[in-house]
Each structure stands twice: as C-alpha cells, then as structure tokens.
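Architecture at a glance
Residue-level listing of the chains:
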Amino acid sequence: MKLTVDQVHVELEGTPVLQGVDLEVLPGSVVGLVGPNGSGKSTLLRAVYRSLRPTRGVVRVGEDDVWRLAPRTAARRTAAVLQDAAGGSGGLSVREIVELGRTPHHGLISRESTSDRQAVSDAIDRCGISPFATREYASLSGGERQRVLLARALAQQPRLLVLDELTNHLDIRARFELLDLIRATGVSTLAVLHDLDLAARLCDLIVVLDHGRAVAAGPVLDVLTPEVMREVFGVEASTARHDDGVVRIAYAASPLAGSVAGAACRGPARRVTDSGTVDSAGR
Ligand SMILES: Nc1ncnc2c1ncn2[C@@H]1O[C@H](COP(=O)(O)OP(=O)(O)OP(=O)(O)O)[C@@H](O)[C@H]1O
C-alpha cells in the first residue's frame, strides 16, 4: 500500500521539529529515512504510525488520511518496529509477544482463530526465532529481541512497515539476514537507518532529513552525493556503484568536514527540487 506524507509540520513545545516534509513510499518499495541526530526522523515515523498528530499536513496510507481512520483500521494497516526496550514485556514469552501482533484483527470478544495461529507461526518461522519461542522475551539478547519485534509486526500482516533503527543490536550477518527478510516481505517499508551502507543496500530510494526538512530524495547515488555528505552529515565521502552492483560509501582518510576539531560544517537549510535533488543554492 502506498504511503504519502504531504507537507507535514510538527511543532513540539513551540519548537518546529518537522517543517513541510513530503515523501512517498510506493507499494512494495523500501524507502530509507536518513539524517543526522535530531533531524526529525523518529518524529516523522511517529506521525506516520499515528502516535503524534502533525500540526499541519496529511499522512495517507493508501488513499486514507491515517488521522481520519478508526484507530483499529489504522493499526491493521501499519506496523511499527521501534527501538527496543525490554521493559514493559510483563513476563510474556516470545510467542505471546508475537501474538500481540494479531490484536488489531480481533474484536472485543473474538478468540484466536486458525488464521491468527497461522500468521503467528509464519512470522516466527520467517524471523528464525522458533528455537526460543517459549523463552521469556526479557531474557533475550538485544539482537534476538529485534527479531521478535519484527515477527510481531509481520504477524500483524500490515500493508506498511515502519522501522526505526531495526539493525542497531544486530551482528553483521544478522543485519544482512534481516535486510533480506524485509525485502522478501514485499510490504511497503519506511525505515530509519543510521548506517548509510545498509541504507544503500536495502532501499529503493533514500530521503535525507536535516533540521526537520527533507533536503534530498531519490536513488542512493543521486542523493548521497559528496555535497550532501559534507553539508548534511559533516563528513567527506563519495558514493559509487562497484562492479558487483553494490553501492558503497568511501570515507576520506580525514572524514570530518569543516574543522579539525570535528564540528560539522553545516550549510544553509536545503530542500528537494522538483527533480528530487538538492537545491545547492539553498533556495
Ligand atoms: N517534546 C519536545 N519538545 C521539544 N523538542 C523536542 C521534543 N521531542 C523531541 N524534540 C526535538 O526534536 C528533534 C527531532 O527529534 P527526533 O527524535 O525526531 O530526531 P531523530 O532524527 O530521530 O534523532 P536521532 O537520530 O538522534 O534518533 C530533536 O532536536 C529533539 O530534541
């Protein structure tokens, strides 16, 4: 299902945190949301998964404004996997945590159905967590928990996946496995990623946020240009597609742009032009 973020503004305690963000995730595609700390990535995700109402602008999943849908309908469409906290799992087992993904499909008095059980078992298998399905969730390692939370999201059978730094706790093999898994779901996905190499591998398109604005959007090679790497991330780097087809980012021997002390040299706020590239004049 398509996600459309249309001119979304968010103001928190009088501070503009998002300023007119536009983006699209086409059905079945994976869009990476990248940007420096504090640029507004998690805030944008919150507006998408309906935990924070935008001050202005519209978020549509399919044709519908998510803030006009019934909460249960919105919850069926969108599943969010957020940065993990072990607290709040209330002694539940892994399987019980995954079963929570079925909640939006239940009425007040409905009981677990065959399709619920099937969806839960499929999600557990796909995420490779059956060896510890009966363990208490809180006893798992950080990487194991990430898989369980993804399984809960898949059990929900959503039309849109929203992922916030899903690969944080994962070792390198587990990262690649998870990327493959996400791609294989075929579900439209908006993923916040700090690791730009992983973003380049996983995503069809990248959107760069800086100071609450989408300053660049498009295919990774068009977006993570040396200029954007310098102006937005404060590092000297180049991005190229290698002979094996993989896009890699090469950082300069002294990557910190602008100052030996490492303070990022930031340009003026930039924005996306009609062609999806950065307006380098900052207009
Ligand atoms: N309640 C609030 N009042 C004022 N400012 C807030 C509030 N909550 C968040 N912010 C600010 O909004 C900005 C964006 O925060 P957000 O968590 O969306 O950034 P982020 O890009 O996800 O950052 P990170 O990469 O560090 O996770 C930050 O500067 C943050 O301090």
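As annotated in an unreviewed UniProt entry, the protein chain carries the name ABC transporter ATP-binding protein and is attributed to Streptomyces diastaticus subsp. diastaticus.

Before going further, it helps to examine the overall build of the protein chain. Of regular secondary structure, the protein chain possesses 9 helices and 12 strands. Of the contacts formed within the protein chain by residues at least 6 apart in sequence, a portion of 65% connects residues at least 24 apart.

Of note, the phi angle at Q7 is positive, near 50°, even though the residue is not glycine. Here Q7 shows up in strand 1 (residues 3-12). Owing to 13 C-beta atoms within 10 Å, Q7 belongs among the partly exposed residues under this scheme. Phi angles above zero are rare outside glycine, and H211 is one such case at about 50°. Checked against the element boundaries, H211 lands in the loop between strand 9 (205-210) and strand 10 (213-218).

Let's shift gears to the nonpolar core. Counting 79 residues, the largest nonpolar core has V48, A151 and V208 as its most contacted members. Looking at this core element by element, the count peaks at 7 residues for helix 5 (residues 142-155). Other than its neighbours up to four places away in sequence, V48 contacts L3, V5, V59, T78, V162 and L190.

So, about the site of the ligand. Every residue near the ligand is listed here: L12, E13, T15, V17, G35, N37, G38, S39, G40, K41, S42 and T43. Contributing elements (two or more residues each) for the shell around the ligand: strand 2 (15-25) and helix 1 (41-48). Broken down by element, the residue count for the shell around the ligand peaks at 3 residues, all from helix 1. When the residues that make up the shell around the ligand are grouped by side-chain class, the tally is 2 nonpolar, 8 polar and 2 charged.

Our next topic: the sheet that holds strand 9. Judged by pairing direction, the sheet is mixed, and its 6 strands sit side by side in the order 6-7-8-3-9-10 without closing on themselves. Lying at the two open borders of the sheet, with one neighbouring strand each, are strand 6 (78-81) and strand 10. Averaged over all adjacent pairs, the angle separating strand axes in this sheet is 15°, with direction ignored. Taken together, the 4 bridges between strand 3 (residues 30-34) and strand 9 define a ladder with parallel strand orientation. Bridging from a neighbouring strand, V31 pairs with L205 of strand 9. Packed onto the sheet, helix 1 meets strand 3, strand 6, strand 7 (160-164), strand 8 (188-192) and strand 9 and runs at close to 150° relative to strand 8.

Turning our attention to the environment of I124. By the element assignment, I124 lies in helix 4 (residues 114-126). I124 sits in the buried class, given 24 other C-beta atoms within 10 Å. Residues I124 and V148, spaced 24 residues apart in sequence, show a C-alpha to C-alpha distance of 7.7 Å. For I124, the contacting residues outside a window of four places in its chain are R95, V98, I129, S130, A133 and A151.

Another point: helix 6 (residues 172-185). Since there are 3.6 residues in each turn of an α-helix, residues three or four apart along the chain are aligned in direction. Between its terminal C-alpha atoms helix 6 stretches 20 Å, which fits the 20 Å expected from 14 residues at 1.5 Å a residue. Among all positions of helix 6, only R175, L178, L179 and I182 are buried. Down the axis, helix 6 shows its buried residues gathered within 105° of arc, on one side only. Along helix 6, the residues that are exposed and aim more than 90 degrees away from the buried face are R173, D180 and A184. Against strand 3, strand 8 and helix 7 (196-202) lie the buried residues of helix 6. Within two residues after helix 6, G186 carries a phi angle of roughly 70°, on the positive side.

What counts, and where the lines are drawn
Residues numbered from 1 in each chain as written. Predicted model: local features only at pLDDT ≥ 70, side-chain atom pairs only at ≥ 80, totals over all residues. Helix = DSSP H or I, 4+ residues; strand = E, 2+ residues; numbered from the N terminus. Contact = placed C-beta atoms within 7 Å. Buried ≥ 20, exposed ≤ 12 C-beta atoms within 10 Å, placed from the backbone. Core = buried A, V, L, I, M, F, W, Y, C linked by C-beta atoms within 7 Å. Near = placed C-beta within 6 Å. Nonpolar A, V, L, I, M, F, W, Y, C, P; charged D, E, K, R; others polar. Pairing = 2+ DSSP bridges. Axes fitted to C-alpha atoms, helices over the stretch in contact; angles between N-to-C directions. Expected span 1.5 Å × (residues − 1). Arc of directions from axis to C-beta.

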